[in-house]
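Structural description and commentary
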Amino acid sequence: MIKKLFLILIAAVVIGMFFHFNLHQLLTLEGLKGSMEQFNQYKEQSPLLVFGGFFLLYVVVTALSLPGAAILTLAAGALFGLVEGLLVASFASTVGATLAFLVSRYLLRDTIKQRFPERLDAIDAGVEKEGGFYLFTLRLVPVFPFFLINLLMGVTSIKAWTFYWVSQIGMLAGTFVFVNAGTQLAQIESLSGILSLDLILSFALLGVFPFIAKGILNVFKKRRVYKNYTKPKKFDRNMIVIGAGAGGLVTSYIAAAVKAKVTLIEAGEMGGDCLNYGCVPSKAVIKSAKIAEQIRHGEHYGLENATPQFSFKKVMARVHQVIADVAPHDSVERYTNLGVDVVKGYGKLLDPWTVEIKLNDGGTQTLTARTIVIATGARPFVPPLPGIEETGYVTSDTLWTKFAELEEAPKKLVVLGGGPIGSELAQSFARLGSNVTQIEMSERIMIKEDLEVSKFAHEALTESGVNILTSHQALRCEERDGKKFIVVKHNDTEIDVEYDELLCAVGRSARLKGYGLEELGIETNRTVVTNEYLETLYPNIFAAGDIVGPYQFTHVAAHQGWYAAVNGLFGNLKKFKVDYRVIPWTTFIDPEVARVGLNEQDAIDKGIDYEITRFEFEELDRAITDSATKGFIKVITPKGKDKILGVTVVSEHAGDLIAEFVLAMKHGLGLNKILGTIHSYPTWAEGNKYAAGEWKRAHAPEKVLNMLEKYHTWRRG
C-alpha cells in the first residue's frame, strides 16, 4: 500500500510540475508551430540528444496520460521526417502506453477485483479468448481515446507482452497519418483537419477487419474439419439427441416445441440416472430414514421415544414405487405426445450428420440430421482397488436393485466416499439400521464446503450413527474366512474394516465410449470438450449434461439442454454462451446443506474483501415450532455492500430456501431487496429476510440515527 501511495505521489508531482511550468502550452498546435524553429536549431546542434529527449518526453506524456500525444506525433514528422518520425513516435507511444497499462494494473486491478469480482472475471474470460482482437480494433479506431484504452486494459488480465505488440501494430496506421501530416506542419490549421470523417470511417472499417478475418478463418476451419465427409443434401431430422436424461429430455422437448423434427435415442430407461438411480430414489429413501429417526426422537415433539417398526423390504419397495410414479413425467408416451420421435436403442455417430441406431428389438436404423446433441450422462466411478471385483460392491446405480431383495438393511455397510452422494446414503442407511462406516481419503467430508459446514455435516452424520473415517486411504479389498474386509491406511498404519456390503460413492465419470466420438476425432478429456456454445470439434455436434460438466447436477444438465437446443437449431442466426454464473446445489443430508455462489473459502482464495452475515435458525419462530433449530444462513457480500456474492444455508428445507437467493443473484438484487419483501409468518422463508436484516443492522447509519435521536429529544420538549 505504501509503495502504491508513493507511486501516486510521484505521478502527481510530475503532472503538477507539467502544468505549473505551462509545459502543456507547448503541446498545442500553436505552441508547436511557434517552437519549431528553435527545435530545429537544437536538432542541428545535438541530433542524438534531441532524438533521445524527444523519445523520453513522448514516453512520459503517454505514460502519465497527459494531453498532447497527438501534437508530439505531428512534431515527430516535422522534426525528423516521415521515416525517422514514424520510428520514434511508434515505439515511444507504445512504450509509454505499456507503462500506463502497467501502472493501471498495479494501482487499480486488485481494488476493482475486490469490489467487482464477478464482472471482472467475466471480462477476463472474454479478454483471454478475444483480447487481442478487441485491443487491435480499439487501436485502429481513433474515436476511442488511447489513454483511456491504456488504463482500462490494465485492469483486465491481458498479458503485458500481448498488449505491447498489439498496440505497436494497431497504432501504426494512425501514427503514420499524424507523422505524415507533421511533415506538412505549416499547412495544418487544426487537428480536426487531419482526421476527416472519411478517414475515421476508413479506420473503423479497418478495425472491423480482424473480426471479418476471424469469420473467414472460421469458415476455412469448418471446411477443414468436414473435408473428409460429404454433407447430405437433405436431412431426415433437424436434430437427433442421444441420451434421455435431463439434458437430452430438455433438448428434445424444446426442439419439438419450436416445431423442429427431432429424434431422441435412449437404450435404457427414460429419465436417465436422476430418475432411475440418483435423485429420485435417494430422496425417497432419505424421507423414510428421516421419519424413522423422528420416531426414535419423539420427545422432541412432545411424544414418546420409540423404536421404529418397519420392513426394509417395504421401504425399498416404496423407493421403486416412487420411481414408477415419477416415470410418466419422462416417459416415451409423454414425449411422443409432445412431438418427439423416441427411438429405443443405442446411437452411434457414423459421420458428423449420420447416426446409426442399434434398436433394442435387434434391428438397425440410420438417420441423418443437421444437428446432433450428445447427452449420454455419467456413471459411478469405481476405484481400481485390488480385490474389489472379487469381493463385490454396489454403486448408487445398482444398490436399489440389490437392496430391494434384502429383508433387512445390510448389517455392516461401508460407504467409500465423503462427498454428497456418499454422505446422503451413509446417513440414510444408518438410520434404517445398518452399522455404517464412511471412509474418506481427505481430511474432512464434503470437502468443497466451508470448514464449519463440513464439521456440521460430520456431527450430523455421527449423531445418526455413522462412523466416519477421514484421512483414511482405501488400499484393497479382501475376503478371509467368509468375511469381507476393506483395508485402509491411516498414519502409515493399515486397518481392516469388515463389511457385508461395500457402496462406492467416490464420484462419477462421463459416458464417452461407444458413441463414435473417438472415431470422429472429437476431443475427450474426462468429459467431452466443447466451447462456450456447447459445440464440439464439429460445429453441428453439441454436447450437454454430465458428459460435458463442469457441474454434474440434473438442473445444470437441463440448463445446458436449453442452450444445446437453441444453438443447435438457430445458431446460424444467433448463438448464446452458456451462463454458469449462478449455479445452486444441495446436499440432502439432515439438516440439508445448500449453496449458491461463493463460500468463505472461495472468497479468501479469490482475494475478495468480503463480509459475512449470519442468521442462526435458533432465532426463527418456525424452526422452534418444528424443533429443528440446528443450522444457519451464511451470506458473503463485498465490504460495505449488500450485493450477494454467495450463500450457504444449513437447515431443514435448505434446498428450498436457497431459491430466493438464487433469484436475487441472477437478477442483481441485494439484501436490501430481500429485506423489503414480505415473507409469510411463520415460515422457514422468513430466515432469508432475517439474514438480510442482520446485514442491515450491521450497516445502520449511526450518524443519521444520532441526529434522529436528537431530533426526537427536541420534539419532546
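Structure shown above.
All of the points below concern the structure found in this document. Quantities reported herein were computed from a predicted structural model and do not represent experimental measurements. (Residues numbered from 1 in each chain as written. Predicted model: local features only at pLDDT ≥ 70, side-chain atom pairs only at ≥ 80, totals over all residues. Heavy atoms only, no water.)

1. Quick look at the packing of aromatic side chains
Definition in use: Think of it this way: a Phe, Tyr or Trp ring, Trp meaning its six-membered ring, pairs with another when their centres are within 6.5 Å, and the plane angle makes it stacked under 30 degrees, edge-to-face over 60, tilted otherwise. Only when the NZ atom of a Lys or the CZ atom of an Arg is both within 6 Å of the ring centre and within 35 degrees of the ring normal do we say a charge sits over the ring.
This model, assessed by the stated rule, comprises 22 aromatic pairs. An aromatic cluster of three or more residues is present, and its members are F51, F54, Y58 and F80. Above the plane of the ring of F485 lies R480, whose end atom (NZ or CZ) is 4.5 Å from the centre. Here the basic side chain of R614 rests over the ring of F632, its NZ or CZ set 4.3 Å away from the ring centre.

2. Observations regarding the sheet that holds strand β7 (residues 394–395)
Stated formally: DSSP-based pairing: two strands are paired if at least 2 bridges between them are found. Segments assigned H or I by DSSP are reported as helices when at least four residues long, segments assigned E as strands when at least two residues long, and all are numbered from the N terminus. The criterion used for residue contact is that any of the two residues' heavy atoms lie within 4.5 Å. Under this scheme, a helix contributes an axis fitted over its contacting stretch, all axes are lines through C-alpha atoms, and angles between N-to-C directions fall in the 0 to 180 degree range.
The sheet built from five strands is open, its strands ordered β7-β14-β8-β9-β10 with parallel pairing. The strands lining the two open edges of the sheet, one partner per strand, are β7 and β10 (467–470). Two elements, strand β8 (residues 412–416) and strand β9 (residues 435–440), share five bridges in a ladder whose sense is parallel. Across the sheet, the residue bridging to L416 is I439, located in β9. On top of the sheet, helix α18 (residues 420–431) reaches β8, β9 and β14 (501–504); it is set at about 165° to β9, its chief contact.

3. Looking at the environment of V285
Basically, it comes down to this: Each residue's exposure class comes from its accessible area (1.4 Å probe, protein chains only) as a fraction of the maximum for that residue type: buried when under 20%, exposed when over 50%, partly exposed otherwise.
Tracing the chain through its elements places V285 in helix α13 (residues 279–296). Taking relative accessible area as the criterion, V285 reaches 0% and is therefore assigned buried. A sequence separation of 147 residues divides V285 from L432, and the C-alpha atoms of the two residues are 9.1 Å apart. Each residue touching V285, except ones within four places of it in the same chain, is listed here: V315, V319, W400, L425, S428, F429 and L432.

4. Some thoughts on the state of the cysteines
Under the convention used in this document: Throughout, a disulfide means two cysteine sulfur atoms within 2.5 Å of one another.
As enumerated under the stated definition, the model contains one disulfide in all. A sulfur-sulfur separation of 2.3 Å characterises the disulfide bridge that pairs C274 with C279. Measuring the twist about the S-S bond at about -130°, one finds the C274-C279 disulfide to be left-handed. Cysteine C477 remains unbridged, with the sulfur of C504 as its closest cysteine sulfur at 7.3 Å. C477 gets classed as buried once you look at its relative accessible area, which sits at 6%. Among the residues examined, C504 registers a relative accessible area of 2% and is labelled buried.

5. A closer look at the pairing of strand β5 (residues 364–374)
Of the pairings in the sheet, the one linking strand β1 (residues 237–242) to β5 comprises five bridges and is parallel in character. Its bridge partner lying in β5, R237 is registered against A369. Bridge analysis of strand β4 (residues 354–359) against β5 gives five bridges, and the strand direction is antiparallel. Opposite I357, over in β5, you have Q365 as the bridge partner. As consecutive antiparallel partners, β4 and β5 are separated by four residues, and within that stretch G362 has a phi angle of approximately 105°, a positive value.

6. Points about the pairing of β1
We count it as follows: Crossovers are marked right-handed if the path from the first strand over the helix to the second runs clockwise, as seen with the strands pointing away from the viewer.
Counted residue by residue, β1 has five buried out of six residues, so it is predominantly covered. Summarising the sheet, β1 and strand β2 (residues 262–266) pair through four bridges and their orientation is parallel. Bridge pairing in β2 places M239 opposite V262. Traced from β1 through helix α11 (residues 246–257) to β2, the parallel crossover comes out right-handed.

By themselves, these figures tell us nothing about what the structure is for.
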